[in-house]
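# Topology and contacts: notes
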Amino acid sequence: MDTRKHITVLVSNDLEHDQRVAKVCATLQKLNYDITLVGRMLPGSKPFQRNYATYRFRLLFTKGVWFYAALNIRLFFYLLFKRTDVILANDLDTLLPAFLICKLRSKKIVYDSHEYFTEAEGLTGRSFQKKVWLKIERWIFPKLKYVYTVNESIAAIYRKQYLTDVKVVRNIPLLQELYTVKTREQLDLPPNKKIILLQGAYIDPDRGGMELVQAMQMLDSILLLIIGSGRDIVNLKRLAETMKLQEKIRFMPRMPFDQLRQYTANADLGLSLDKPLHLNYTYSLPNKLFDYIHAGIPVLVSNLPELSRIVNEYHVGAICKEVTPTAIATAINEALNSPSYPHWKTNAIVARNTLNWQHEEKVLKDIYG
C-alpha cells in the first residue's frame, strides 16, 4: 500500500519552461510526496513528460478577465474530486480555488508567490482587475500558514501587510558539476568579439531591452545576444532593423536550458536591466542573474534592491546607475574593461557554492517535511 502523501501542484502556464516549479517538484519527490502537476495546454504546447503525473487542460480563453475566470472555475472543479492531501498554489491566479477546496475538504494548502502579483506590469492602468486580485489576496493571505516567496524584499512587504510568516526560497539553479562547454566556433559565435547576453523567457516591455538595443549604436567590437521570448521581442527586432544593427545584435528563440547555458558560458557579460516602473520589477530577482553566475560570467544589472544586493554581497559584477542607452553603453564598456573583471569571474564560481537550489530547498524541507 502506498503511504506517501499526495500533493497537487497548480500553475497557470503550460508547465514546460517553469524551472522553479520543476525544482520544487524534484524536492517534493525527495521528501517522498506523490505529485500531480496541473497546468494548461496552449496551442503551441509541445509533448511534455515528467517522472510524476502531469495534467494539462485546455481553456477557451488565453488572456484577460475571461481567461482567469475560466482558469479558476476549471481548477475548482478539478480539485473538488481530486484525491490529494496537500495543494500547492503557485501565484495568486491559482490561489482562490486551492483555498476554497482546502476549506471544503479539510486539506492543507501551501502558497508559493513567484512575484509581487498585484503590482505586476500587466495590471498597470487596470484598476478593476487590480482591485479584484487585491480583494482575493487580502481575504486569503492572512489565513495562510505555509507561504514562501522569491526574495526578501517581497517577503518583507507581505509580512508587514498580512502579519504572516513568509519564508524566502529564491529561484536559483541547481548546483551541478561544471559541464563541458562548446567552443564559440561550434556555436557559430565570433571568436574575436566581446559577447554580451540578455536572456529570459519573459523579455517584456520595461525590462531594458529597447534601451539596450539603442546602446549598441555606441559600442564597437561587441555582439549582443538576445535569447528567449516575451512580448517585447518583436519590438526589439524591429528597432534593431530600423537602426541597421543586424551585425551587432543576434536574436535567438527560447531554447532548452542545457542548450542555453552553452551560450551563456560563452558570453563575457550577462545583463539584467529591469526598470523600476512597477513595484514587481523594482523588487524583482530574475532567474537569469543566477544563470549567469552559475555559468561563471560577470553581470551588469540595473540599480534595483535585490539585484544590487547580490552584486554587492558577492562582488560578481557592476551596477548600471540608469537604464538609458548612454548609461548602458558606458556601463558595458566600463565593465568589460574593468580591472576587477577577472575577480568577478572568480567570485561568480565561488558564489555558486552558496547561491544554489540545494541551499534554498532547505526551507522547503522545513515546510513540507
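The paragraphs below set out a description of the structure included in this document. (Residues numbered from 1 in each chain as written. Predicted model: local features only at pLDDT ≥ 70, side-chain atom pairs only at ≥ 80, totals over all residues. Heavy atoms only, no water.)

## Considerations on the packing of helix α1 (residues 19-30) against helix α14 (residues 357-368)
- Where α1 meets α14, the axes come as close as 10 Å, and the angle between the chain directions of the two elements is 55°. Compared by their axis directions, α1 and α14 come out oblique. In this structure, the crossing between α1 and α14 has a hand that is right-handed. Note on element contacts: α14 touches α1 through Trp357, Glu361, Leu364 and Tyr368, opposite Lys23, Val24, Thr27, Leu28 and Lys30.
- Considering only residue class, the contact of α1 with α14 consists of five nonpolar, one polar and three charged. (Axes fitted to C-alpha atoms, helices over the stretch in contact; angles between N-to-C directions. Helix = DSSP H or I, 4+ residues; strand = E, 2+ residues; numbered from the N terminus. Parallel < 35°, antiparallel > 145°, perpendicular 65-115°, else oblique. Left-handed = near helix turned anticlockwise from the far one by under 90°. Contact = heavy atoms within 4.5 Å. Nonpolar A, V, L, I, M, F, W, Y, C, P; charged D, E, K, R; others polar.)

## A word on the pattern of salt bridges
- Evaluated as defined, the whole model comprises 17 salt bridges.
- A salt bridge links Arg83 to Asp34; its shortest N-O distance comes to 3.4 Å. Taken together, the residues Arg83 in the loop between α2 (64-80) and β4 (86-90) and Asp34 in strand β2 (residues 34-40) connect sequence positions 49 residues apart.
- Classification of Arg83 as exposed rests on a relative accessible area of 55%.
- Here Asp268 ties to Arg184 by a salt bridge, and the two come within 2.9 Å at their closest N and O atoms. Of this pair, Asp268 sits in the loop between α8 (257-265) and β11 (269-272) while Arg184 sits in the loop between β7 (166-168) and β8 (194-200); the two residues are 84 residues apart in sequence, bridging distant segments of the chain. Accessibility classification places Asp268 together with Arg184 in one group, the buried group.
- Counted as one network, the salt bridges with shared partners bring together Arg4, Asp34 and Arg83. (Salt bridge = Lys/Arg side-chain N within 4 Å of Asp/Glu carboxyl O. Buried < 20%, exposed > 50% of the residue type's maximum accessible area, 1.4 Å probe, protein only.)

## Observations regarding the layout of surface pockets
- Approximately 200 Å³ is the volume attributed to the second largest pocket.
- Looking at the second largest pocket, it is lined by 13 residues, and the ones nearest its centre are Lys5, Tyr33, Val86, Ile367 and Tyr368.
- Elements supplying a minimum of two residues to the lining of the second largest pocket: β5 (108-113) and α14. (1 Å grid on protein atoms, 1.4 Å probe; cavity = no way out; pocket = protein on both sides within 12 Å on 5 of 7 lines; lining within 4 Å. Points joined across faces, edges and corners; volume = space filled by probe spheres on them.)

## Here's the deal with the nonpolar core
- Counting 37 residues, the largest nonpolar core has Leu95, Tyr111 and Leu144 as its most contacted members.
- Secondary-structure elements contributing two or more residues to this core are α2, β4, α3 (95-105), β5, α4 (127-140), α5 (152-162) and β7.
- Residue contributions to this core peak at six residues, all from α2.
- For Leu95, the contacting residues outside a window of four places in its chain are Ala89, Ile109, Tyr111, Ile140 and Leu144.
- Ranked by size, the runner-up nonpolar core spans 33 residues in total, among them Ile196, Leu219, Ala318 and Leu336. (Core = buried A, V, L, I, M, F, W, Y, C linked by side-chain atoms within 4.5 Å.)

## Overview of the sheet that holds β5
- The seven strands lie next to each other as β3-β2-β1-β4-β5-β6-β7, forming an open sheet whose pairing is parallel. Looking along the sheet, the strands with just one partner apiece sit at the ends: β3 (53-57) and β7. Within this sheet the neighbouring strands show an average axis-to-axis angle of 20°, counted without direction.
- Where β2 lies against β3, five bridges are found, and the strand directions are parallel. By the bridge assignment, Leu37 is partnered in β3 with Thr54. (Pairing = 2+ DSSP bridges.)

## Concerning the pairing of strand β10 (residues 249-252)
- Pairing analysis gives four bridges linking strand β9 (residues 222-228) to β10, with the strands arranged parallel. Bridging from a neighbouring strand, Leu224 pairs with Ile249 of β10.
- Between β9 and its parallel partner β10, the chain crosses via helix α7 (residues 233-242), and the hand of that crossover is right-handed. (Right-handed = clockwise from strand over helix to strand, strands pointing away.)

## With respect to α3
- Burial in α3 covers these residues: Leu95, Pro97, Ala98, Phe99, Ile101 and Cys102.
- Turning to α3, the residues buried within the fold contact β1 (6-10), α2, β4, β5 and α4.
- Directly after α3, the chain includes Ser106, whose backbone phi takes a positive value near 55°.

## Re α2
- With 17 residues, α2 extends 25 Å from end C-alpha to end C-alpha; this agrees with the ideal 24 Å at 1.5 Å per step.
- Of all the residues in α2, the buried ones are Phe67, Leu71, Asn72, Leu75, Phe76, Tyr78 and Leu79.
- Contact partners of the buried residues in α2: β1, β2, β3, β4, α3 and α4. (Expected span 1.5 Å × (residues − 1).)

## Looking at empty space enclosed by the protein
- By the definition in use, this model includes two cavities of 30 Å³ or more.
- Roughly 40 Å³ of internal volume is contained in the second largest cavity.
- What lines the second largest cavity is simply Leu198, Tyr202, Ile203, Arg207, Asp274 and Lys288.

## Observations regarding unusual backbone geometry
- Notably, Asn32 is not glycine yet its phi reads approximately 70°, a positive angle.
- Residue placement: Asn32 occurs in the loop between α1 and β2.
- The exposure class assigned to Asn32 is partly exposed, which follows from its relative accessible area of 45%.
- One non-glycine residue with positive phi stands out, namely Lys244, at about 55°.

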